[in-house]
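Structural overview
The lines below spell out each chain.
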Amino acid sequence: MVDIPKQARAVVIGGGVSGCSVAYHLAKAGWTDVVLLERKRLTSGTTWHAAGLIGQLRGSANMTRLAKYSADLYVRLEAETGVATGMRQVGSISVALTRERHEELLRQATVARIFDVEVHEISPSEAKAKYPHLNIDGVVGAVALPLDGQCDPANIAMALAKGARMKGAKIVEGALVTKVTTADGRTTGVDYILNGEPGHIAADVVVNCGGMWGRDLAAQNGVTLPLHACEHFYLVTEPVAGIAPDLPVLRVPDECAYYKQDAGKMMLGAFEPKAKPWGMDGIRKDFEFDTLPEDWDHFMPILEMATNRMPLFETAGIHTFFNGPESFTPDDRYYLGEAPEVKGYWTAAGYNSIGIVSSGGAGQALAHWITEGEPPFDLWEVDIRRAQPFQKNRRYLKERVSETLGLLYADHFPYRQVETARGVRRSPIHDHLAARGAVFGEVAGWERANWFADEGQEREYRYSWKRQNWFENQKAEHLAVRGGVGLFDMTSFGKIRVEGRDAMAFLNRVCSAQMDVAPGRIVYTMFLNRNGGIEADLTVTRLSETAYLLVVPGATLQRNLAWLRAHLGDDFAVITDVTAGESVLCVMGPKARDLLSSVSPDDFSNAAHPFGTAREIEIGMGLARAHRVTYVGELGWELYVSADQTAHVFEALMEAGGDHGLKLCGLHALDSCRIEKAYRHWGHDITDEDHVLEAGLGFTVSRKKADFTGREAVLRKEEAGLTRRMLQFRLKAPGPLLFHNEAIVRDGRIVGPVTSGAYGHFLGGAVGMGYVPCAGESEDEVLASRYEIEVAGVRHEALASLAPMHDPKSERVRM
Ligand SMILES: Cc1cc2nc3c(=O)[nH]c(=O)nc-3n(C[C@H](O)[C@H](O)[C@H](O)COP(=O)(O)OP(=O)(O)OC[C@H]3O[C@@H](n4cnc5c(N)ncnc54)[C@H](O)[C@@H]3O)c2cc1C
C-alpha cells in the first residue's frame, strides 16, 4: 500500500529530471510538504535516454547563469545524496568550421566571461592536441570550457529525487494524474489513478513537469503549453581502442554533431536541420522506457560528415542506434512559470533537448518563484506567458518543431528568422506591404515588415555577424525618419481596453504614473513589482471617464493581461484584449505634420494636437484616432485605425506620400532609431529585475500618488541611492556592430552586458545601452571612466552618456 497524503502544499506532476529538480528545490526552500506523482517509473519518459552533455555556454546571460548553476549542483549532488551521478568535468570543445561560426563562439565566450564561466579561445592545433581523434581540416577556431562535463542523466534525476525525499518530499511512482482540478480560476489539486484506484490530493500549487505529455494535460484546463515531440537520434560505437577516459565533449555545430566518450565507446549525436515530429496521434498509454525505430536514411548525412571529422567512425562497429522522443517548442526555449490562465498552475516543460543541463537551474529558479512569489531574476526568455493561445494548434506545432530541433546547432545570427509555420497573424495591409518590397519577420505569430527591399533587390536575409544585406535599406529608412517622413505598420502592438466604474482607481494602483488625467491624454507608465522592478512599460490613453486603452508590445500581451487580471481584486473594471480590432500606422519624422495635413482636414499644430494627446481625426474617407507619441524620437503620430478601414487609410497616406517623400519603414529601422534616442525596450533593457530608477525611468513614477505597487521600493531606492545605472554607448570607430550581449568594459574590467544595440545611422556608429555599477558614485564620476565594448573578444573604445545622444532635450519630438 502506498501512503499518499490527501493534501499537500504542492503537487509536482512528472518524475523526469524536470519534476525531480522542482521537487528537490521546493523541499530545499522549506516546502517539505510536496508530493511528486509519476505515471510510470522515475525517468521513464525522455530523461533516461539523454546523452548527458552538460554545457554551460548558452545564448544569453541569464540562461548561462542557470546552466552554470546546474553544472555546479550536479558536481556536489553525489556527495549530498550518495547517488552516483556520473558527473565528470571533462570539459568541452566547440569547433567552428566557418568564420561566422567562429565569431559566434567568440561572442558566446564573452557572455560566459560576464558570468565568470571559465572559457578559453583555442587554435585548431590546440584543439587537436586536446582531441587527437579530431580531423582539423577546415577548422577555423575553437573554444574550450574546462568545467563543462558529462553525466548519467537518469542518475542525476534519481539523485535529485533522493535529495527531495531526504528533505521530506514524497515521491510516488505508478500514479497517473488524470486531471488538475480547479475552482474560481485557480488550482485546487489533482485527481490521480494509482493501481486502478482513483484518488485526489488537494493543493494550491500544481506544477506540470509532464514533458511531452504536458501539452495535452495543460489543455484540459485551458492552459497553453505549446510543445510537440520530435524524434531525436544518437548512435554509440563498440569500444574503440585508444579513447582516453577524460576526453572532453566535442561539438561540431557546423556538422550538426556532438561527440561524447562513454566507457571506451564513442557517442555521436545529431541536431539535423529538418527533424521528424513525432506523436501526432497521441502517445501510447503504456509508453515507458521506450525507444523509436531506427532511421538510417535520416541519420546518414550526419554520419557521413562524422566519418570525415572523426575517422575512427570508419572502422568502429555500431553498438546502438538510438532514437527517442523529446519535446520541442516553437521558439526553442522551454517554459517556466505560472500559466496566465489558471492561478496556481505552474509549468517546467518543453526542454528542447537541453533538459538535463537546464533542469537544475530551472528547478531552482521555479522553486524560488513559487515560494517567494517572484522569480530570482529576469526569466522572460523562458516565461510561459510568452506563449500565444493560437500556438496550441497542433498542425502549427508539428510544422514548427521540424525546424526548432536543428536550431540548437544552427548559426545564431542576429535577426535570424524562423522559416516554418509562418503567416498565421497578419496585418490588414500585409499584402500591400508585400507588394511594396516588405521582407517579413515573425514575432508572437505576427508577420511584421522588418525592412523594405528596393526594386529588383533580393527579398531574402543574408545573415552575417557583419553588416547584413539589408544594412543600406535600414539606413535609407532610418534617415528618412530623421529627415523626412516614414510609415511603420505597428499593428502587432497588443491593445488592452480597461473600462468600468473603477477603471481609473484600478489603473492608478497598478501603474507608476498618474492615471487621473483628462480624457484624450496619453501617459507613458510602468507596471512595477514590489521591488520596483519593471513588469511592463506601456502607454495608457484615457479614452473617456471610464475607459482606457493600454498599448503594449505584441510579444508581452499575455503577460500584461495576466498581470492586470491578477491585480484587479475587487475593483469593478473589465479587461479586454482588443488587439485584432485596430491597426496601428505610425507616421514619423519632421514632415509627418505636412503629410497628415494633406490627407486630413484636422489641425495637427502643437496648439491643437500637443504631444501626449490623442483624438479622433478624419483621414481619407475614414476615421482614425491619432496618438501624438513616438518610439523613434521624432515628431509623429500613431494612427489607430479600425481593421476594416486600414487598407483605405494606408492607400490615402501612400497616395499623398509621394509629395512628401514618404518612405515605408520596417522594424529594423524602428529599432535603430529608438536605440539612438535611448528609448528602452522591455525584455532587453528593462525587465522585472531592473529597478525603475536605475533604468533611468524615474520620470514615469508619480511621487504624489498615495498607493501603487512598487511605491515603497522607489522611496527606498531614493533613500539608499542607485547601485547601477543605465548608460547609452556609441562606439568611436564607425565599423563594428553591436547587437546585444557584448561586454561593457569599464576601466579595463567587464561590468555587464550590452542590453540592446543597433547601428546608429544618424549618429554614425554602433549604439547600445547597458547597466554599469555606480554605488556611491556621482553621475560625473560614472561618466569619467574609460569605456570599451568587447565584441567577439576585441575591445572597442566607446563614448558613454546618461542623456540620449540623439535629441537629448526632445525638441524634435515636440517641434
Ligand atoms: C536522444 C536525446 C539526447 C539528449 N541529450 C541531452 C543532453 O545531452 N543534455 C541535456 O541537457 N538534455 C538532453 N536531452 C534532453 C533531455 O533528455 C530532456 O530535455 C529531459 O529529459 C526532459 O525532462 P522532463 O522531465 O521535462 O521530461 P520527461 O523525462 O519525459 O519526464 C516527464 C515525466 O512526466 C510523466 N508524466 C507525464 N504525464 C503524467 C501524468 N499525467 N501523471 C503523472 N506523470 C506524468 C512521464 O511519465 C515522464 O516520466 C536529450 C534527449 C534525447 C531524446
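Residues numbered from 1 in each chain as written. Predicted model: local features only at pLDDT ≥ 70, side-chain atom pairs only at ≥ 80, totals over all residues. Heavy atoms only, no water.

Topic: the environment of Val223
Within the secondary structure, Val223 is located in the loop between α6 (214-219) and β13 (228-237). Assessed through its relative accessible area of 1%, Val223 is described here as buried. In sequence terms Val223 and Ala387 are 164 residues apart; their C-alpha atoms lie 10.0 Å from each other. Sequence-distant contacts of Val223, defined by excluding residues within four places in its chain, comprise Ala218, Ala339, Glu341, Val342, Tyr345 and Lys392. (Helix = DSSP H or I, 4+ residues; strand = E, 2+ residues; numbered from the N terminus. Buried < 20%, exposed > 50% of the residue type's maximum accessible area, 1.4 Å probe, protein only. Contact = heavy atoms within 4.5 Å.)

Focus on the packing of helix α14 (residues 592-599) against helix α15 (residues 646-657)
Between α14 and α15, whose axes approach to 9 Å, the crossing angle comes to 115°. Looking at the two axes, α14 sits roughly perpendicular to α15. Crossing angle aside, the handedness with which α14 passes α15 is right-handed. For the pair formed by α14 and α15, the contact residues are Leu595, Leu596, Ser598 and Val599 on the first element and Ala652, Leu653, Ala656 and Gly657 on the second. Class assignment for the residues of the contact of α14 with α15 results in six nonpolar, two polar and no charged. (Axes fitted to C-alpha atoms, helices over the stretch in contact; angles between N-to-C directions. Parallel < 35°, antiparallel > 145°, perpendicular 65-115°, else oblique. Left-handed = near helix turned anticlockwise from the far one by under 90°. Nonpolar A, V, L, I, M, F, W, Y, C, P; charged D, E, K, R; others polar.)

Focus: empty space enclosed by the protein
Taken as a whole and judged by the stated rule, the model has five cavities of 30 Å³ or more. Of the pockets and cavities examined, the largest cavity occupies roughly 110 Å³. Lining the largest cavity are Tyr415, Lys466, Arg467, Gln468, Trp470, Phe471, Gln474, Leu737, Leu738, Phe739, Ala758 and Tyr759. The set of elements that each furnish at least two residues to the lining of the largest cavity consists of α11 (471-483) and β35 (749-760). Its residues placed into classes, the lining of the largest cavity shows eight nonpolar, two polar and two charged. Of the volumes computed, that of the second largest cavity is approximately 60 Å³. What lines the second largest cavity is Ser427, His430, Leu433, Phe440, Glu447, Arg448, Ala449, Asp489, Met490, Thr491 and Ser492. Partitioning the lining of the second largest cavity into residue classes produces four nonpolar, four polar and three charged. (1 Å grid on protein atoms, 1.4 Å probe; cavity = no way out; pocket = protein on both sides within 12 Å on 5 of 7 lines; lining within 4 Å. Points joined across faces, edges and corners; volume = space filled by probe spheres on them.)

Re the site of the ligand
Around the ligand sit 34 residues in total, of which Glu38, Thr47, Leu53, Glu326 and Val357 are the nearest. Backbone polar atom of Ala51 to a nitrogen atom of the ligand: 2.9 Å apart, as the coordinates give it. At a separation of 3.0 Å, an oxygen atom of the ligand approaches a polar backbone atom of Gly52. Contact with the protein chains hides 98% of the accessible area of the ligand, taken as 1000 Å² for the molecule alone. Secondary structure elements with two or more residues in the shell around the ligand: α1 (17-28), β2 (34-38), β9 (175-183), β13, β17 (318-328) and α8 (355-372). Among the residues forming the shell around the ligand, the class breakdown is 16 nonpolar, 15 polar and three charged. (Near = heavy atom within 4 Å. Polar contact = N/O pair within 3.5 Å; in protein donor to acceptor, adjacent residues only side chain to side chain. Areas by Shrake-Rupley, 256 points an atom, 1.4 Å probe, with all protein chains shown as cover.)

So, the sheet that holds strand β28 (residues 582-588)
Ordered by their spatial adjacency, six strands build an open sheet running β29-β30-β31-β28-β22-β32, and the pairing between neighbours is mixed. Each of the sheet's edge strands pairs with one partner strand only, and the pair in question is β29 (614-619) and β32 (663-664). In this structure, strand β30 (residues 622-627) lies alongside strand β31 (residues 636-642), joined through three bridges in antiparallel fashion. Note that in β31 the partner of Arg625 across the bridge is Tyr640. Taken strand by strand, α14 contacts β28, β29 and β31, and its axis lies near 35° from that of β31. Seen against the sheet, α15 touches β22 (486-489), β28, β29, β30, β31 and β32 and runs at an angle of roughly 15° to β28. (Pairing = 2+ DSSP bridges.)

Concerning the sheet that holds strand β38 (residues 794-801)
Judged by pairing direction, the barrel is antiparallel, and its six strands sit side by side in the order β33-β36-β35-β34-β37-β38 before closing back on the first. Between one strand axis and the next, the sheet turns through 40° on average, direction left out of account. Where strand β33 (residues 724-731) lies against β38, four bridges are found, and the strand directions are antiparallel. Along β38, the bridge assignment pairs Gln728 with Ser801.

Observations concerning the packing of aromatic side chains
As enumerated under the stated definition, the model contains 29 aromatic pairs in all. Members of the aromatic cluster, each reached through a chain of ring pairs, are Phe413, Tyr415, Trp451, Tyr461, Tyr463, Trp465, Trp470 and Phe739. Above the face of the Tyr759 ring, Arg467 is positioned so that its terminal group lies 5.1 Å from the ring centre. Against the face of Phe762 rests Arg482, its NZ or CZ located 5.9 Å from the ring centre. (Phe/Tyr/Trp six-rings, centres within 6.5 Å; stacked < 30°, edge-to-face > 60°. Lys NZ or Arg CZ within 6 Å of the ring centre and 35° of its normal.)

Things to note about the environment of Leu147
Along the chain, Leu147 turns up in the loop between β6 (141-145) and β7 (149-150). Here Leu147 falls in the partly exposed class, since its relative accessible area comes to 39%. Residues Leu147 and Val119, spaced 28 residues apart in sequence, show a C-alpha to C-alpha distance of 8.6 Å. Residue contacts for Leu147: discarding those within four places in its chain leaves Gln56, Gln89 and Glu118.

A look at the nonpolar core
Inside soluble globular proteins, nonpolar side chains tend to come together where they are buried. Counting 69 residues, the largest nonpolar core has Val12, Leu26, Tyr74, Val207, Leu336 and Leu366 as the members making the most contacts within it. Ignoring any residue separated from it by four or fewer positions in sequence, one finds Leu336 in contact with Thr347, Ala348, Tyr351, Ala362, Ala365, Leu366, Trp369, Leu379, Val382, Asp383 and Ile384. Counting 42 residues, the second-largest nonpolar core is a separate cluster that includes Leu528, Val692, Ala758 and Ala798. (Core = buried A, V, L, I, M, F, W, Y, C linked by side-chain atoms within 4.5 Å.)

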